Amino acid sequence: MFPAAVRWTDGEPAAVTAVRAGTMRGSELLLDRVEAVSLARKRDRETQRQGRVFNAKLRTIGIDKDALDYQVRERKEQERKEADTQRSYAADLLRSDRISCLLEQRQQKEQRRLEGAILQFRRDFQQPENRREFDLNDPALLRKQRGGLVLPGLVGEDPGSAERHRRQQEQMRDWSLQQRRELESAKYQQRLEDQQYEDSRITLDRRAVKLQNIEAERRRSVAMATKDFNLAMAAESSERQRQARLQEEAANREEILSQLQGPLLSESLGYGEGLRHTQPSSYKGMSQDQLRLIREYQQQQVEDRQRAHLEQRRRQLEWDGRSQATERHGLLLERQQARFSRQLRCALDRTNAQLASEQRAQKEYLEKEVFTNIPDSRYFAQFNTTSR
């Protein structure tokens, strides 16, 4: 008999405990106990294997875990490098922002300081009563009005106004003298610069005039040399033309004498027949034999051209006949091919119709006679129940 239940208890199967109990009782055979232990071990191994195979988190069959771990480490290293790059970029941005903020604060501070200095200068040296256009008829009108409003000895009176006004006048006089000296110095410096510019301009003008005179002298010398050369060449050319004209006149006289005294004007057809090549100057026309030969040669050319034309016409007619025969033969072949294609198409249509009817009959047979029992979830539940 097999035990009713097999369980693990404290590191060993429950079957072992049952076997030991059976030994003490002595009611079971040794072979049954060994088979029970073997069966319990197989069931335990199958349970452990199912736990490994069907657990998606622990299953490693068919996976290169070392490669996956290396890819994970490489991905983490890449992410760490990207994070370091982003942090360094952010630090550079923060540093640039701080520098720009410091520069902007410094510029604003400098602007405020400059505006404060301008305001202080205006308060010290550009009071409304000191302006020239305050009152063109009476520049001291504001000062007189203030003196009339404030009684002597009361709060707001300035006892040292006369001394301050005197110092201001002295200061204004010193500033006016200094400005005048600076203006005179600037004018003197400007006169010196103008004088130097004028001297340099005069020097350059003199040098330019000198160079122009040298260039004009050179051009005159070149023009004189060219003129002399042209006169010499003209004289030489005139002399050559005169010599050529004299030689041509002498040659013309000799040619006229030779024509008058020579046999050219004799109008003889036999003149120059003994020569190898007939001279154009002594040619007087063709003889009757030469004219006859030329007419015979022309007649032969006309006959040859007519024979060639007839031969070409015969060949063209023969080629036209062959072309028509080829076209008729091609047309017959096309008609035969079209007839064969129609027959083949009809046979193919009949075959397709027969196959379609057979497929419909087979489908109806399968739906009515074969596929009558449609499987449900209980059919698929019997698969994939073990790890094997």
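Computed from a predicted model, the values in this text were never measured in an experiment.

Details of the overall build of the protein chain
- Across its full length, the protein chain carries seven helices and two strands.
- Going residue by residue from the N terminus, the α and β elements of the protein chain occur as β-β-α-α-α-α-α-α-α.
- When the 388 residues of the protein chain are sorted by exposure, 5% land in the buried category.
- Considering only contacts within the protein chain whose residues lie at least 6 apart along the sequence, 35% involve residues at least 24 apart.
- For the protein chain, the accessible surface area stands at approximately 35,600 Å², while carbon and sulfur atoms represent 54% of it.

Some thoughts on the pattern of salt bridges
- Applying the stated criterion to the full structure yields 23 salt bridges.
- Taking the shortest distance from any N to any O, the salt bridge between Asp-84 and Arg-87 comes out at 1.9 Å. Placement of both Asp-84 and Arg-87 in helix H3 (residues 65-125) is noted, with a separation of three residues, approximately one turn of the helix.
- Between Glu-311 and Arg-315 there is a salt bridge; the shortest N-O distance is 3.4 Å. You can see Glu-311 and its partner Arg-315 sitting in helix H6 (residues 288-370), four residues apart, about one turn around the helix.
- A residue is classified by how much of its surface remains accessible, and Arg-315, at 54% relative accessible area, is exposed.
- Residues joined by salt bridges that share partners form a network here, namely Glu-311, Arg-314, Arg-315, Glu-318 and Arg-322.

Brief notes about a nonpolar patch on the surface
- Together, Phe-121, Phe-125, Met-172 and Trp-175 make up a nonpolar patch on the protein surface, roughly 380 Å² of accessible area in all.
- Mapped by element, the contributors of at least two residues to the nonpolar patch are H3 and helix H5 (161-261).
- With respect to the secondary-structure elements, Met-172 resides in helix H5.
- Of the residues examined, Met-172 reaches a relative accessible area of 47% and is grouped as partly exposed.

Side note on the confidence of the model for the protein chain
- Per-residue pLDDT for the protein chain has a mean of 79; in total, 75% of the residues score no lower than 70.
- The lowest-confidence element of the protein chain is strand E1 (residues 8-9), averaging 42 in pLDDT; the highest-confidence one is H6, averaging 90.
- Of the regions scoring below 50 in pLDDT, residues 1-13 engages in 19 contacts with residues more than four places distant in sequence or in other chains.
- Ignoring residues within four places in sequence, the model shows residues 148-155, a span with pLDDT below 50, making five contacts including any to other chains.

Thresholds applied
Residues numbered from 1 in each chain as written. Predicted model: local features only at pLDDT ≥ 70, side-chain atom pairs only at ≥ 80, totals over all residues. Heavy atoms only, no water. Helix = DSSP H or I, 4+ residues; strand = E, 2+ residues; numbered from the N terminus. Buried < 20%, exposed > 50% of the residue type's maximum accessible area, 1.4 Å probe, protein only. Contact = heavy atoms within 4.5 Å. Areas by Shrake-Rupley, 256 points an atom, 1.4 Å probe, with all protein chains shown as cover. Salt bridge = Lys/Arg side-chain N within 4 Å of Asp/Glu carboxyl O. Patch = residues over 30% accessible without salt bridge, like charges linked within 9 Å, V, L, I, M, F, W, Y side chains within 5 Å. pLDDT = per-residue confidence, 0-100.

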